[in-house]
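Spelled out, the chains give:
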Amino acid sequence: MKTAERIVAVDPSLADVAEPSSSTVDRQIQAVAKQFLCCTPVRAIQWNELLKDLTWEAQARLLDATIDHPLVVRYPLNTAYQVAFLKRLIGDLTSMNVEHHDRMYERYCAMLSPSVTDLPLDDPSIGLSYKHYELPQGQGVISLKESGAFVSDGTTGLCSWQAAKALCEHISNNRDDFHGRNILELGCGVGLVGIYLAKCYEPSIIVMSDCHASVLGTLRENVLLNFPNAAHVDCDNPLVSLLLDSGNTLMGVMELDWQCVSASNLAQLIEPDVIVAADIVYDHALFPALLSTLNYIFCLSNNRCKFVLACTERNQDTLNDFLQLLITGKFRINEETVSPSRHFHWDTSATNIRIFSISRG
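The structure reproduced in this document is the subject of the present report. (Residues numbered from 1 in each chain as written. Predicted model: local features only at pLDDT ≥ 70, side-chain atom pairs only at ≥ 80, totals over all residues. Heavy atoms only, no water.)

1. Some thoughts on the overall build of the chain
(1) Moving on: Regarding its fold elements, the chain presents ten helices and eleven strands.
(2) Moving on: A buried classification covers 48% of the 361 residues belonging to the chain.
(3) Moving on: Across the chain, contacts joining residues at least 24 apart in sequence account for 69% of those joining residues at least 6 apart.
(4) Moving on: For the chain, the exposed area adds up to about 17100 Å²; of that, 50% sits on carbon and sulfur atoms. (Helix = DSSP H or I, 4+ residues; strand = E, 2+ residues; numbered from the N terminus. Buried < 20%, exposed > 50% of the residue type's maximum accessible area, 1.4 Å probe, protein only. Contact = heavy atoms within 4.5 Å. Areas by Shrake-Rupley, 256 points an atom, 1.4 Å probe, with all protein chains shown as cover.)

Laid out in structure tokens, this is it:
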């Protein structure tokens, strides 16, 4: 076992061997930590030569930036994910004959204890834990309670999908299209896109909408978590369960059933300049109600708004059928170039993301 103070013998013949600077290693640690915090699949984490240069002290800094990061301690990542991360790290270091830090193995063993799975969450039975998304240009962090499963509590809306991350990347490269706008998000899920817009683009108002009770409950928690100092605003629309004023932006959480959009009194809350949505085009059965909703919203703005849609193309025919419905409805479709995965991590090799700007008039 290592101790806090160690005596290191230095071979004089190695004095001139160049070692990576601490700043280089720290940048590599931060790059790995960013991937870890948002639960990038362990197999997909890009280590960028960090492991071969991971000294005892650098291992301690890596642990401080990942497993023992203050956000992770307060809002824990999925335990199984943390175990997989440590298992991979310990295994790789062992295979390279690099002695791993005592704290690394201690944390690994502690996480295998059954009591660790008792996370301080409202409903651990449906597998909710946290992910933390570091924003570009030092704009802070978004912390979200999410499910690690694609389908949880009868809905697909309790996790951030790949297309949502790609949409955030697109937004980061098209600032003027979103800054200061009135924005409505359809099928917002746990809130990654909407909260990113509210944090970084100062929309006049952003309304995040969904229709599933579990999703809306988690969404409210996530908005409150990320805007703890925002003022609550009264709203007499029973479908609006949360309305906050951050000083620059009015943020709403709204139940919006596409089959009943005309009865939602949406127009009393927002006249959208921009509609955003990610991964909502996957089921033919939803298309008539979605198209009706788009028609209603475009009419509110006299066809002056724009719809930015990000899709994971799981079935080309399904997506093409929806696009054809839009064309039949006299919408204009422009396919955008998908920005590289720079700030928001997703598996670009395994996922075919497509982004469209849709207008009419």
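2. Describing the sheet that holds strand 6 (residues 240-245)
(1) Moving on: Strand order across the open sheet formed by nine strands is 5-6-7-4-3-8-9-11-10, with mixed pairing between neighbours. Across the chains shown, the open sheet's two edge strands, defined by having one partner strand only, are strand 5 (231-232) and strand 10 (332-336).
(2) Moving on: The pairing of strand 3 (residues 182-186) with strand 8 (residues 274-278) spans four bridges and is parallel. Across the sheet, Glu185 pairs through a bridge with Val276, a residue of strand 8.
(3) Moving on: Strands in contact with helix 7 (residues 192-200) are strand 3, strand 4 (205-210), strand 7 (250-255) and strand 8; relative to strand 4, the strand with the most contacts, it is inclined by about 170°.
(4) Moving on: The strands touched by helix 9 (residues 287-300) within the sheet are strand 3, strand 8, strand 9 (306-312) and strand 11 (353-359), with strand 3 carrying the most contacts at an inclination of about 170°. (Pairing = 2+ DSSP bridges. Axes fitted to C-alpha atoms, helices over the stretch in contact; angles between N-to-C directions.)

3. Re the packing of aromatic side chains
(1) Moving on: What the rule picks out here adds up to nine aromatic pairs.
(2) Moving on: Look at Phe36 and Phe85: their rings are 4.6 Å apart centre to centre, the planes differ by 55°, and that puts the pair in the tilted class. With a gap of 49 residues between them, Phe36 in helix 1 (residues 22-37) and Phe85 in helix 4 (residues 79-95) connect regions that are remote in the sequence.
(3) Moving on: Between Trp47 and Phe85, the ring centres sit 5.8 Å apart and the planes meet at 20°, which makes this aromatic pair stacked. With Trp47 in the loop between helix 1 and helix 2 (56-65) and Phe85 in helix 4, the pair connects residues that are 38 residues apart, well separated along the chain. A single burial state applies to Trp47 and to Phe85, both of which are buried.
(4) Moving on: Above the face of the Phe227 ring, Lys199 is positioned so that its terminal group lies 5.4 Å from the ring centre.
(5) Moving on: The side chain of Arg360 reaches across the aromatic face of Phe331, ending 4.2 Å from its centre. (Phe/Tyr/Trp six-rings, centres within 6.5 Å; stacked < 30°, edge-to-face > 60°. Lys NZ or Arg CZ within 6 Å of the ring centre and 35° of its normal.)

4. What about the pairing of strand 7?
(1) Moving on: Here six bridges tie strand 4 to strand 7, and the two strands are oriented parallel to one another. For Ile206, the partnering residue across the bridge sits in strand 7 and is Met251.
(2) Moving on: Linking strand 6 to strand 7, which pair antiparallel, is a turn of four residues; within it Gly247 sits at a positive phi near 105°.

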